[in-house]
Amino acid sequence: MKKVKPILLLTALSLGFSASAQQGIFYYVNTNQNFINSKTIDVKPTDNGMVILNQCSDANYASHAIQVIELNKTMIKTSESIVNIDKLHNISGFSRQTDGSYSVLVNSGTSQLEAMQVKLSAAYKEAGLNKFDDLEQSSFVSQATVGKQVLAISTHTPTKGKFDIMLSCFNDNGLMVWTKKISSEPNESADIIVADNEDNVIVLGRKYNDNATEYIPILYKLSADGNILWKKSGVDMPSNFYSQNITVSKNGDIYYACGLTLRTGVLQTKVFKLDGNGNTKRTSNLNDFTSNGALWLSSGKVLLYGSRFYTDAKQVVTKGAYMILDADLNELSNKALAVNDKPDSDFNYNTTTSSDLQAAIELEGGSVAMVGKVTMPQAGGNDKHNNTIVVVADAYGNYK
């Protein structure tokens, strides 16, 4: 195998970036030698660019830490910070506080997870650590900003194989105000929470059978104080779905995307458009595509981002992919990273990088930034590590 060109690994590759025409593919190699693998959890815009929250891991994925990467508007990495948390298990998201600091909700522990809050200063250094007695045997899953407060969902596990959904409210200083159980039946776990434009939230989860061997999707619509407005159980989905995500439009329509395995090596994403009361209005099947997330765009379109399989004579890998749909689920754009794109085009080796898009935000002018991981060889060797990749596409889905 030919060696990679090490000089190209030293910095992000900028393609010319402006507020009016932001597009291209950028990647960033981890600089910490102990935590060499990254997985994107969340991304937020800043006045000067964006900040990316990753969960980073060692070579064996046995030890984890918080990784924060800051990019300016020209997509240059201006800082990379690593925050070590004892027995960190996973990260669920972060929010910015009124003083410019960040609140990161995490779960730590081994056999029994603890729900915790890590406070980071504006310079992304650890500034505090809180454990919550009210969330004993609970693990954070997702969070959403509603007005000046953050609502976070967690899955409570009082006994093995039994689940409840908990909703917790944090004020704009990051302090917990209240927490309550919202599941109306036993054996319900949480996946995602998103806010609508009326300060309500939609909670997406799963309802398990008594043996916790099968599940169906469930949807809750809640007021900002945690009162149940309605519940929908059992969206018309096969029981073999492996991922699900939602976004909410400006007028309250709910877009639900669910990943299925049709047969070995054949994937499909099924998309539902629901009204504000949870009633199905339209459906669509997207073949050969796995959706990790959904984002309602100000143009009235829906962005789905994730990956699809790429196959050649030597290997099968995943490539970051995304689709843009109109409000009625008609396909407008369908893109996947290719072997002639960065980072593959920067190297001269006999393998192909694997990538997956895991978070997204809308930028000025209707362009979008999709962030995820790219598995690529390292300079001077054949080992592959997961680094951060950013795809910036214009309002029509074009990145080049």
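As the structure is a prediction and not an experimental result, all values here were calculated from the model.

Asker: Provide a residue-level description of the side chain of S243, including the pertinent values.
Answerer: Here S243 is to be found in strand β18 (residues 243-248). S243 gets classed as buried once you look at its relative accessible area, which sits at 15%. With near-sequence residues (within four places) excluded, S243 lies in contact with R206, A257, C258, G259 and S291.

Asker: I'd love a proper account of the sheet that holds strand β13 (residues 176-181), names of residues and values included.
Answerer: Read from one edge to the other, the open sheet built from 4 strands follows the order β10-β11-β12-β13, with strand pairing classed as antiparallel. Taken across any chain shown, the strands that pair with only one partner, and hence form the sheet edges, are β10 (138-146) and β13. For this sheet the average axis-to-axis angle between neighbouring strands, irrespective of direction, equals 20°. Inspection of the sheet shows strand β12 (residues 164-170) paired to β13 by 5 bridges, in the antiparallel sense. Paired with L167 across the strands is K180, a residue of β13.

Asker: Now, about the packing of aromatic side chains: what can you tell me, with residues and values included?
Answerer: According to the stated counting rule, one finds 11 aromatic pairs in the structure shown. Between F132 and F170, the aromatic rings sit 5.8 Å apart at their centres with planes inclined by 70°, giving edge-to-face as the arrangement. Taken as a pair, F132 in the loop between β9 (126-131) and β10 and F170 in strand β12 lie far apart in primary sequence, 38 residues in all. When sorted by exposure, F132 lands in the same class as F170, which is buried. For K180, the ring lying beneath its charged end belongs to W178, and the centroid distance is 4.9 Å.

Asker: Could you give me a rundown of the confidence of the model for the protein chain, with the residues and numbers involved?
Answerer: Looking at the protein chain as a whole, the pLDDT averages 89, with 92% of positions reaching at least 70. Within the model, the stretch residues 1-21 combines pLDDT values under 50 with 52 contacts to residues more than four positions away or in other chains.

Asker: Account for the sheet that holds strand β21 (residues 280-287), naming residues and giving values.
Answerer: Reading across the sheet, the 4 strands line up as β18-β19-β20-β21 and stay open at both edges, with antiparallel pairing between neighbours. Every other strand in the sheet has two partners, leaving β18 and β21 as the edge strands with one partner each. Strand-to-strand, the axes of this sheet are offset by a mean angle of 20°, without reference to chain direction. Alignment of β18 against strand β19 (residues 254-263), held across 6 bridges, turns out to be antiparallel. Counterpart to T247 in the pairing with β19 is Y255.

Asker: Quick rundown of the pattern of salt bridges? Include the residues and the values.
Answerer: In total, this model carries 13 salt bridges according to the counting rule given. When the shortest N-O distance is used, the salt bridge between K231 and E188 registers 2.5 Å. Linking K231 in strand β17 (residues 228-233) with E188 in strand β14 (residues 188-195), this pair joins segments that are 43 residues apart in sequence. Under the relative-accessibility criterion, K231 is labelled partly exposed at 28%.

Conventions adopted
- Residues numbered from 1 in each chain as written.
- Predicted model: local features only at pLDDT ≥ 70, side-chain atom pairs only at ≥ 80, totals over all residues.
- Heavy atoms only, no water.
- Helix = DSSP H or I, 4+ residues; strand = E, 2+ residues; numbered from the N terminus.
- Buried < 20%, exposed > 50% of the residue type's maximum accessible area, 1.4 Å probe, protein only.
- Contact = heavy atoms within 4.5 Å.
- Pairing = 2+ DSSP bridges.
- Axes fitted to C-alpha atoms, helices over the stretch in contact; angles between N-to-C directions.
- Phe/Tyr/Trp six-rings, centres within 6.5 Å; stacked < 30°, edge-to-face > 60°.
- Lys NZ or Arg CZ within 6 Å of the ring centre and 35° of its normal.
- pLDDT = per-residue confidence, 0-100.
- Salt bridge = Lys/Arg side-chain N within 4 Å of Asp/Glu carboxyl O.

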